[in-house]
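Chain by chain, the residues run as shown.
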Amino acid sequence: MIARRSSKPVVLVPSCNRVLGQHPFHIAGRKYIEAVRLAGALPLIVPVAHADEIDELLDLADGVLLTGSPSNVHPRHFGEDVHDTSLPLDTERDDWTLPMIPRVIERGIPLFAICRGFQEANVALGGTLHQAVHEVEGQHDHRGAGGAPDAPAELVYGLAHPVDVQPGGALAKILPEPRIQVNSVHGQGVNRLAPGLRIEARAPDGLVEAFSVEHAQGFNLCVQWHPEWQAATNPISVRLLRAFGDACTAYRDRHRAPEPPR
């Protein structure tokens, strides 16, 4: 048990890796950090972790939020070669988030995964991805503004299509609406769902838009869209984040010993 002073649950936010100028940086999008705060939690951005650091970091965690990113999961992790070499990868992030995800699930630490994080979770648990959903017969183009690199963010992250919430699941417990409208900013998507995952929502073309680990002991929800985008003004996003935050608080209360009186 770890005693801490914080009155808020601590949520780990793994960073991405980017070269700015001539130097490598760990970065995390501000919208994800604000989403953690909206959930009522304390965000903690985590750099690339070494293998022997993962469990120590999880000892600090009351929750984990896996962010979206311009980068894709390297397809070697599901037995394929790179389809489009012009698209960014982040192998340093892959190298520690993929082995971390099963440990998060095993410990029952609340997990909320968004876009790339959603794809990471599927791959980490044994699933595969379409590397270019828009090239798959019968699938729509799910890239925001058709993947145009210079499109304004308001257009890229605008509501793009409905998703149908599957009855009886984790998502349906949070959102009573059977259909919601979401944005869509991804080129990759679920091909084969990992064993043990439950589909929570689908797009009109059948693409999996949300899933959970069915028999996990802790809260977990993975979504393909971006609920963190202008979350405070989106009632759906607020409910999702607060459900995650409530789960983090409950985990904290179960697993953290109170600080002894001085």
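For the structure, see preceding data.
Residues numbered from 1 in each chain as written. Predicted model: local features only at pLDDT ≥ 70, side-chain atom pairs only at ≥ 80, totals over all residues. Heavy atoms only, no water.

On to the environment of valine 104, then. As for its position among the elements, valine 104 is in helix α3 (residues 91–107). Along the backbone, valine 104 and arginine 252 are 148 residues apart, and their C-alpha atoms lie at a distance of 14 Å. (Helix = DSSP H or I, 4+ residues; strand = E, 2+ residues; numbered from the N terminus.)

In this section: the pattern of salt bridges. Going through the model one piece at a time under the given rule, you end up with 14 salt bridges. A salt bridge links glutamate 120 to arginine 93; the nearest nitrogen and oxygen atoms lie 2.8 Å apart. Highlighted residues: glutamate 120 in helix α4 (residues 116–124) and arginine 93 in helix α3, separated in sequence by 27 residues. The buried category is assigned to glutamate 120, whose relative accessible area is 0%. (Salt bridge = Lys/Arg side-chain N within 4 Å of Asp/Glu carboxyl O. Buried < 20%, exposed > 50% of the residue type's maximum accessible area, 1.4 Å probe, protein only.)

What follows is about the nonpolar core. Looking at soluble globular proteins, one finds that nonpolar side chains tend to be buried together. Within the largest apolar cluster, 31 residues are counted, with the highest numbers of intra-cluster contacts made by Val11, Leu65, Phe112, Leu171, Trp225 and Leu240. If you list the elements that add at least two residues to this core, you get β1 (10–14), α1 (30–38), β6 (111–114), β8 (161–165), α6 (170–174), β9 (179–182), β13 (220–223) and α7 (235–255). In terms of residues, this core owes the most to one element, α7, which gives six residues. Here leucine 240 is in contact with Phe112, Leu171, Ile174, Leu175, Leu221, Trp225 and Pro227, once residues within four sequence places are set aside. Listed in part, the 28 residues of the second largest apolar core include Val10, Ala49, Phe211 and Tyr251. (Core = buried A, V, L, I, M, F, W, Y, C linked by side-chain atoms within 4.5 Å. Contact = heavy atoms within 4.5 Å.)

Residues separated by three or four positions in an α-helix point in the same direction, a consequence of the helix having 3.6 residues per turn. The buried fraction of α4 amounts to eight of the nine residues, a majority that puts the element mostly inside the structure. Of the residues making up α4, those classed as buried are Arg116, Gly117, Phe118, Gln119, Glu120, Ala121, Asn122 and Val123.

On inspection of all chains with the given rule, the structure shows four aromatic pairs. Arranged with centres 5.7 Å apart and planes meeting at 35°, the rings of phenylalanine 112 and phenylalanine 244 form a pair that is tilted. Pair noted here: phenylalanine 112 is in strand β6 and phenylalanine 244 is in helix α7, with a separation of 132 residues, a long-range link. An identical accessibility class is assigned to phenylalanine 112 and phenylalanine 244; each is buried. Here phenylalanine 219 and phenylalanine 244 contribute two aromatic rings whose centre-to-centre distance is 6.2 Å and whose plane-to-plane angle is 40°, an arrangement assigned as tilted. (Phe/Tyr/Trp six-rings, centres within 6.5 Å; stacked < 30°, edge-to-face > 60°.)

Take the sheet that holds β1 next. Strand order in the open sheet formed by nine strands is β4-β1-β5-β6-β13-β12-β11-β8-β9, and the pairing between neighbours is mixed. The open sheet has two edge strands with one neighbour each: β4 (42–46) and β9. Along the sheet, successive strands turn relative to each other by an average axial angle of 25°, direction set aside. Looking at chain direction, strand β5 (residues 63–66) and β6 are connected through three bridges and run parallel. (Pairing = 2+ DSSP bridges. Axes fitted to C-alpha atoms, helices over the stretch in contact; angles between N-to-C directions.)

Across its 21 residues, α7 extends 30 Å between first and last C-alpha, which sits within 8% of the 30 Å expected from 1.5 Å per residue. In this structure asparagine 234 caps α7, since a side-chain oxygen of it lies 2.9 Å from the backbone nitrogen of isoleucine 236. (Expected span 1.5 Å × (residues − 1). Polar contact = N/O pair within 3.5 Å; in protein donor to acceptor, adjacent residues only side chain to side chain.)

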